[in-house]
Amino acid sequence: MSTDRRKTPLWDVHKQLGARLIDFGGWDMPVQYTAGTIKEHKAVREAVGLFDVSHMGEAYLRGPRVREAVEQLTTNNVAAAPAGKAVYTLLCRPSGGIVDDCIFYKRSDDEFFVIVNASNTTKDLEWFREQTRGLCDVVDVSDETSLVAVQGPKAIAMVDKLAGGTLGALTSFTFADATVAGVRCVAARTGYTGEDGFELACANADAPKLWTALLEAATPLGGLPVGLGARDTLRLEAKLPLYGNDLDDDHTPIEAGLGWAVKLDNRDFIGASVLRAQKANGVTRQLVGFKIDESVRAFARHGYPVVDRNVTPPVIGTVTSGGPGICVGGAIGLAYVPVARAAAGTPLTIDCRGKDVPATVVSGKFYKRS
Amino acid sequence: MTGFPSDLRYTNDHEWLKAQGTSWRVGITQFAVDQLGDITLVDLPKEGDLVTKGQRFGTIESVKSVSDLYAPVSGRVTAVNAALKDAPESVNSDPYGAGWMIEIEADESSEVDELLSAADYTTHVSAQ
């Protein structure tokens, strides 16, 4: 087996749990445990799931002028947020293309914490340093920080109990320093599954202790450890975009339907002028959700063309994500299509490996928690 | 790894074959199933279709990926496991039984000599 892949501090634990490990951006990560993706997905929807996402990148941005730096980097109102707030934002290029999507955590006017996509860590930190040119210190703590996500309807009460009742009052998209099962961590009420939950950042050395305590608490509740396979099916049902699939340098947040995370009033961040024009004048293509018609058994995957056989050339768009809707049923996905075809109910045709498959545009999230 | 049934023959593409009268019953091995994860769709040819050794005869989709199924021998499809349409998960739970896919009446018996024994297939898999 390959040994040159990077391992998180929980790698041994995954092995003991019988995880199947795959190469994910150079990391040896669990794609599923013994229960399998479908059961893991359902455990998160019905009870609670634990995810090792320690491969993600973490950094601190610090200094007396850090707010100016963060203001330039982020499309959302991060710099002006109150301390204790977690803010989802895009990082854009001057073209409006997306460098990454990430969450900033405002600790104080002088200090921000940020969690970025694993595969973009190096690129993002270089981008921070390059663009902020000494306005702040950028301290990479990825190699010493572990991250465990606890997601599902039973997650809040479970983690709150392990934290001695200190975390139950934390509201959505806020965070606090906490002690969970005796482990010091930063607890944020955030996630990537469409469920309520926490993401807990701790020191590498403490990660196995934290994970073991969480798993012991989760098991009697019907909880499971969850691999990257279900992480992907969960985020797709919740219509949460994935960088590298649905977001990239060639598409803007407005095209991706993330205009809600682009705040333009009295602001001038990197990419703002392009995004301002797109918000005012509209865009030519848009990321939409679709459902494959139930008469057909097929899944659309990343890269499959959206076609119209009555026009030349027939390719009018591209599928960026797709797969089974494990809790919503059927085959679902996301695709960039011309705006004229983006309204809910519009029929689409997707070329699934040489077979034209009918699909319909669906608005909103495929799955919404009750 | 659990052993591969010794009464079956195998291909490098992780399919198994079992002599079934004058035909070969075909499915995928436990190793393939473990690699794929939860199977959500199996697309198979129709009875009477001709398949060519090494060519795609169907597709199998798991939660995460889509894979081609390659014909292990050339011949005519004499039976198709229609139950997989509504219960593709049978391939996960019982790959050598309820998870079988098609039966092929082979053109040339000589092709069959190239199929692997359980021991050879075990060697092939452990090299992966």
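Residues numbered from 1 in each chain as written. Chains lettered and ligands numbered in written order. Predicted model: local features only at pLDDT ≥ 70, side-chain atom pairs only at ≥ 80, totals over all residues.

### Topic: the overall build of chain A
Of regular secondary structure, chain A possesses eight helices and 19 strands. Against the 2.2 N^0.38 benchmark of 21 Å for 370 residues, chain A shows a C-alpha radius of gyration of 21 Å, consistent with a compact globule. With the principal axes as the frame, chain A shows a C-alpha extent of 65 × 50 × 40 Å. Residues counted as buried form 49% of the 370 residues belonging to chain A. (Helix = DSSP H or I, 4+ residues; strand = E, 2+ residues; numbered from the N terminus. Rg over C-alpha atoms; globule rule 2.2 N^0.38 Å. Buried ≥ 20, exposed ≤ 12 C-beta atoms within 10 Å, placed from the backbone.)

### What about the nonpolar core?
All names here are of chain A. The biggest cluster of nonpolar side chains holds 112 residues, and the ones touching the most others in it are V148, V180, A187 and L210. Looking at which domains feed residues into this core, each of domain 1 (1-282) and domain 2 (284-362) supplies at least three. Excluding residues that lie within four positions of it along the chain, L210 makes contacts with V148, V180, A181, V183, C185, L200 and C202. (Core = buried A, V, L, I, M, F, W, Y, C linked by C-beta atoms within 7 Å. Domains from an automatic or database assignment. Contact = placed C-beta atoms within 7 Å.)

### Remarks on the sheet that holds strand β8 (residues 137-140) of chain A
Residues and elements named next belong to chain A. Spatial ordering of the open sheet is given by β5-β6-β7-β4-β8, a layout of five strands whose pairing is antiparallel. This sheet does not close on itself; its edge strands, each paired only once, are β5 (86-92) and β8. Across the sheet, the mean angle separating the axes of adjacent strands is 30 degrees when strand polarity is ignored. One ladder, built from six bridges, connects strand β4 (residues 57-62) with strand β7 (residues 111-116); its direction is antiparallel. (Pairing = 2+ DSSP bridges. Axes fitted to C-alpha atoms, helices over the stretch in contact; angles between N-to-C directions.)

### A look at unusual backbone geometry
Residue and element names in this part refer to chain A. The omega angle of the peptide bond from T312 to P313 is -5 degrees, so this bond is cis rather than trans. Residue position: P313 is located in the loop between β15 (305-307) and β16 (315-324). Look at F173: it is not a glycine, yet its phi comes out positive at around 60 degrees. Its place among the elements puts F173 in the loop between α5 (155-162) and β10 (175-180). A positive phi angle, close to 55 degrees, is found at K239, a residue other than glycine. Structurally, the position occupied by K239 is in the loop between α7 (228-237) and α8 (272-281).

### Remarks on the domain arrangement of chain A
All names here are of chain A. What the domain assignment reports for chain A is domain 1 (1-282) and domain 2 (284-362). Contact with domain 1, which involves 16 residues of that partner, is made by 17 residues of domain 2. Among the elements of the structure, α2 (37-46) and α7 are those that each provide at least two residues to the side of domain 1 that touches domain 2. Of the residues forming the side of domain 1 that touches domain 2, the biggest block, four residues, is contributed by α2.

### Points about the sheet that holds strand β14 (residues 285-292) of chain A
Note: strands within a sheet are paired through backbone hydrogen bonds, in either parallel or antiparallel orientation. All names here are of chain A. An order of β14-β17-β16-β15-β18-β19 is seen for the six strands of this closed barrel, with the pairing classed as antiparallel. Strand-to-strand, the axes of this sheet are offset by a mean angle of 45 degrees, without reference to chain direction. As paired elements, strand β18 (residues 347-352) and strand β19 (residues 355-362) share six bridges and run antiparallel to each other. Directly across from D351, in β19, lies its bridge partner D356.

### What about the environment of V44 of chain A?
Residues and elements named next belong to chain A. In this fold, V44 is placed in helix α2. The exposure class of V44 is buried, given the 32 C-beta atoms found within 10 Å. Along the primary structure V44 and G197 are separated by 153 residues, whereas in three dimensions their C-alpha atoms are 9.9 Å apart. With residues near it in sequence (within four places) discarded, V44 still touches G49, Q151, G152, T193, E195, V226, A230 and L234.

### Section: the interface of chain B and chain A
Contacts between the two partners involve nine residues from chain B and, on the opposite side, twelve residues from chain A. Looking at the side of chain B that touches chain A residue by residue, the classes come out as three nonpolar, two polar and four charged. (Nonpolar A, V, L, I, M, F, W, Y, C, P; charged D, E, K, R; others polar.)

### Notes on the environment of S67 of chain B
Residue and element names in this part refer to chain B. By the secondary structure assignment, S67 is in strand β7 (residues 66-70). S67 gets classed as partly exposed once you count the C-beta atoms within 10 Å, which come to 18. Residues S67 and V42, 25 residues apart in the sequence, show an inter-C-alpha distance of 9.8 Å. With residues up to four places along the chain from it excluded, the contact list for S67 reads L36, T59 and I60.

### Quick look at the pairing of strand β3 (residues 23-28) of chain B
Residues and elements named next belong to chain B. The element β3 is largely enclosed, with a buried count of six among its six residues. Covered by surrounding structure in β3 are S23, R25 and G27 together with W24, V26 and I28, the residues of both alternating faces. Two elements, strand β2 (residues 15-20) and β3, share six bridges in a ladder whose sense is antiparallel. Note on β3: the bridge partner recorded for Q20 is S23. Hairpin connection from β2 to β3: two residues lie between these consecutive antiparallel strands, with G21 at a positive phi of about 65 degrees. Looking at chain direction, β3 and strand β9 (residues 102-106) are connected through three bridges and run antiparallel.

### Some words on helix α6 (residues 207-218) of chain A
Residue and element names in this part refer to chain A. Here α6 contains twelve residues, and its C-alpha end-to-end distance of 16 Å stays within 8% of the 16 Å for a straight helix at 1.5 Å per residue. A207, L210, W211, L214, A217 and A218 are the residues of α6 that are buried. Mapping the buried residues of α6 onto a view down its axis gives an arc of 130 degrees, with all of them on the same face. (Expected span 1.5 Å × (residues − 1). Arc of directions from axis to C-beta.)

### What to know about the packing of α2 of chain A against α7 of chain A
Residue and element names in this part refer to chain A. Between α2 and α7, the least distance of the axes is 8 Å, while the angle of their chain directions is 55 degrees. Relative to α7, the element α2 lies oblique. Crossing of α2 over α7 shows right-handed handedness. Contacts between α2 and α7 pair T37, E40, H41 and V44 from the former with G229, A230, T233 and L234 from the latter. Counted by class, the contact of α2 with α7 contains three nonpolar, four polar and one charged residues. (Parallel < 35°, antiparallel > 145°, perpendicular 65-115°, else oblique. Left-handed = near helix turned anticlockwise from the far one by under 90°.)

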